[in-house]
Amino acid sequence: MPEAAHARAEITLRFLAAPTDAGQSGSVSAGRVLEWIDKAGYAAAAGWSGTYAVTAYVGNVRFTRPVEVGELVEVSARVVHTGRTSMHVTVDVASGQPATRVLEPATRCLMVFVSVDEHGASTPVRELVPRTLGEELEQQWAARRSELRSEVEAAMAEQVYSDAGTAPRVVMRFLAAPTDVNWGGKVHGGIVMRWIDEAAHVLATQWTGNAHNVAIFTGGVRFYRPLRIGHVVEVEARLLHTGTTSMHIGVHVRSGDPTQGPDGMALTTFCRTVFVGIDEHRRALPCPTWTPVTDEDRALDAHAVELVAIRDRFGN
């Protein structure tokens, strides 16, 4: 493969974290970081396919350190594996002081994009052939993450979320605005992930009574269908499980044409995220314990624990 063609498999975005990127903790919000991740991942995927690409899945995002306002941010995305129409993209986020240019890793994740044509139908992409041992190992790692994704999705498909559950929940409703548009005329996947983070943050704040809650993990973000500008959006965050300091939260995003009423709402995105409350020194605070009441509560509590066990088996 020509060197120039292979170079289109990766891209690096660099910019300064602005005050408008900050969350309630003072550091850059997890939702904003997720938005950056999606933009860089899209740029790498579109560069490889030469077509528009849609976000299909975002794997485990572990926030190992905060990104601070004013820091130089580097978001690097690289296509590491391809399927018939899919592109698996690793995205690394690092940040540090502009004066020193010393950047420390903040998070890393694997995304899956699908190439689509002008009609929205999936279209084949050219195969990525590893050139080095390192690239071959990355390809194998991405393929193994597909096994993890299949197991997680199977576990998620067995769960029921209904009014029989008594767990604390938050529902946010609004219209998808023109400012949320992506390059294909739909709502940007990164914007949807920011909404997920915001709804989960509201729930975590209500549960702990502390406004300083941060996401330490977001995973299994599955995009089922596009979300259109002008549609009604409903983001529902529901507490699934509490640990010593953690809150495991499931978030569903639904949308629909406002002319069709509640019957027109359909699931667009689902994921699980984990929050912890922090003090002024960014130390984790004890989390109030939630006790499941109904059979559905107990099933979802066990489901949250099962997902942790599945990811531990895969070493991620």
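The shown structure was predicted, so the numbers you read here are calculated from the model rather than taken from an experiment.

Q: Quick question: what am I supposed to make of the overall build of the protein chain here?
A: Each helix and strand counted, the protein chain has 5 helices and 11 strands in total. A globule of 316 residues ought to have a C-alpha radius of gyration of about 20 Å, and the protein chain, at 19 Å, matches this closely. Overall, the C-alpha framework of the protein chain stretches about 60 × 50 × 40 Å when taken along its three principal axes. Burial analysis of the protein chain (316 residues in total) assigns 51% to the buried set. By sequence separation, contacts in the protein chain at least 24 residues apart represent 76% of the contacts at least 6 residues apart. Carbon and sulfur atoms make up 54% of the accessible area of the protein chain, which totals about 14,200 Å². Positive and negative side-chain charges in the protein chain, numbering 30 and 36 respectively, have mean positions lying 2 Å apart.

Q: Looking at this structure, how should I read the environment of T268?
A: Positionally, T268 belongs in strand β11 (residues 266-277). Residues T268 and R144 lie 124 residues apart in sequence; the distance between their C-alpha atoms is 26 Å. What T268 contacts, discounting residues up to four positions off in sequence, is R222, F223, Y224, R225, P226, L227, V253, R254 and S255.

Q: Please clarify how helix α4 (residues 189-208) should be interpreted in this entry.
A: One turn of an α-helix holds 3.6 residues; hence residues three or four places apart share an orientation. Given a rise of 1.5 Å per residue, 20 residues ought to cover 28 Å, and the 29 Å separating the end C-alpha atoms of α4 matches this to within 8%. When you tally the buried positions in α4, you get 14 out of 20 residues, the bulk of the element. Two residues or fewer after α4 comes G209, characterised by a positive phi angle close to 75 degrees.

Q: Please clarify how the state of the cysteines should be interpreted in this entry.
A: Two cysteines, two sulfur atoms, one covalent bond between them: this is a disulfide. In this structure the tally under the stated criterion is 0 disulfides. Free of any disulfide, C109 has its nearest cysteine sulfur in C271, 12 Å distant. The thiol of C287 is not disulfide-bonded; the next cysteine sulfur, from C271, is found 18 Å away. Residue classification places C287 among the buried positions, given a relative accessible area of 9%.

Q: Is there a simple way to explain the nonpolar core in this structure?
A: Side chains that are nonpolar tend, in soluble globular proteins, to be buried together. Of all hydrophobic cores here, the largest spans 62 residues; its most connected members are I37, V91, W195 and I249. If you tally residues by element for this core, the top one is helix α2 (residues 30-49), at 11 residues. If sequence neighbours within four positions are ignored, I249 has contacts with A200, L203, A204, A237, R238, L239, L240, C271, R272, T273 and F275. Counting residues in each nonpolar core, the second largest holds 7 residues, with L148, V152, M156 and F270 among its members.

Q: What is the right way to read helix α3 (residues 133-157) from this model?
A: Between its first and last C-alpha atoms α3 spans 36 Å; for 25 residues at 1.5 Å apiece the expected length is 36 Å, and the two agree. Those residues of α3 that fall on the buried side of the exposure criterion are E135, E138, Q139, A142, R145, S146, L148, R149, V152, A155 and M156.

Q: Hey, could you run me through the pairing of β11 in this one?
A: Moving residue by residue along a regular strand, the side chains alternate between the two faces of the sheet. Burial of β11 is extensive: 10 of the 12 residues sit out of reach of the surface. Taken together, the 8 bridges between strand β8 (residues 213-223) and β11 define a ladder with antiparallel strand orientation. Residue pairing across strands places G219 opposite R272, the latter belonging to β11. For strand β10 (residues 246-256) and β11, the ladder comprises 10 bridges, and the chain directions are antiparallel. Paired with R254 across the strands is L267, a residue of β11.

Q: I tried to follow the pattern of salt bridges on my own but got confused; where do I start?
A: As a working rule, side chains carrying opposite charge can pair if their charged atoms are close by. Here the structure, examined in full by the defined rule, presents 19 salt bridges. In this structure, R32 engages D21 in a salt bridge whose closest nitrogen and oxygen atoms are separated by 3.1 Å. Linking R32 in helix α2 with D21 in the loop between β1 (10-16) and α2, this pair joins segments that are 11 residues apart in sequence. Between R131 and E135 there is a salt bridge whose closest N-O contact spans 3.0 Å. For E135, a relative accessible area of 18% translates into the label buried. A single network of salt bridges, built from pairs that share partners, joins D21, R32, E35, K39, R194 and E198.

Q: Explain unusual backbone geometry here, please?
A: If a residue is not glycine, its phi is most likely negative; likewise, a peptide bond is most likely trans. For R101, which is not a glycine, the phi torsion comes out positive at approximately 60 degrees. Relative to the helices and strands, R101 is located in the loop between β5 (86-96) and β6 (104-116).

About the cut-offs
Residues numbered from 1 in each chain as written. Predicted model: local features only at pLDDT ≥ 70, side-chain atom pairs only at ≥ 80, totals over all residues. Heavy atoms only, no water. Helix = DSSP H or I, 4+ residues; strand = E, 2+ residues; numbered from the N terminus. Rg over C-alpha atoms; globule rule 2.2 N^0.38 Å. Buried < 20%, exposed > 50% of the residue type's maximum accessible area, 1.4 Å probe, protein only. Contact = heavy atoms within 4.5 Å. Areas by Shrake-Rupley, 256 points an atom, 1.4 Å probe, with all protein chains shown as cover. Lys, Arg positive; Asp, Glu negative; His and termini not counted. Charge placed at Lys NZ, Arg CZ, Asp CG, Glu CD. Expected span 1.5 Å × (residues − 1). Disulfide = S-S within 2.5 Å. Core = buried A, V, L, I, M, F, W, Y, C linked by side-chain atoms within 4.5 Å. Pairing = 2+ DSSP bridges. Salt bridge = Lys/Arg side-chain N within 4 Å of Asp/Glu carboxyl O.

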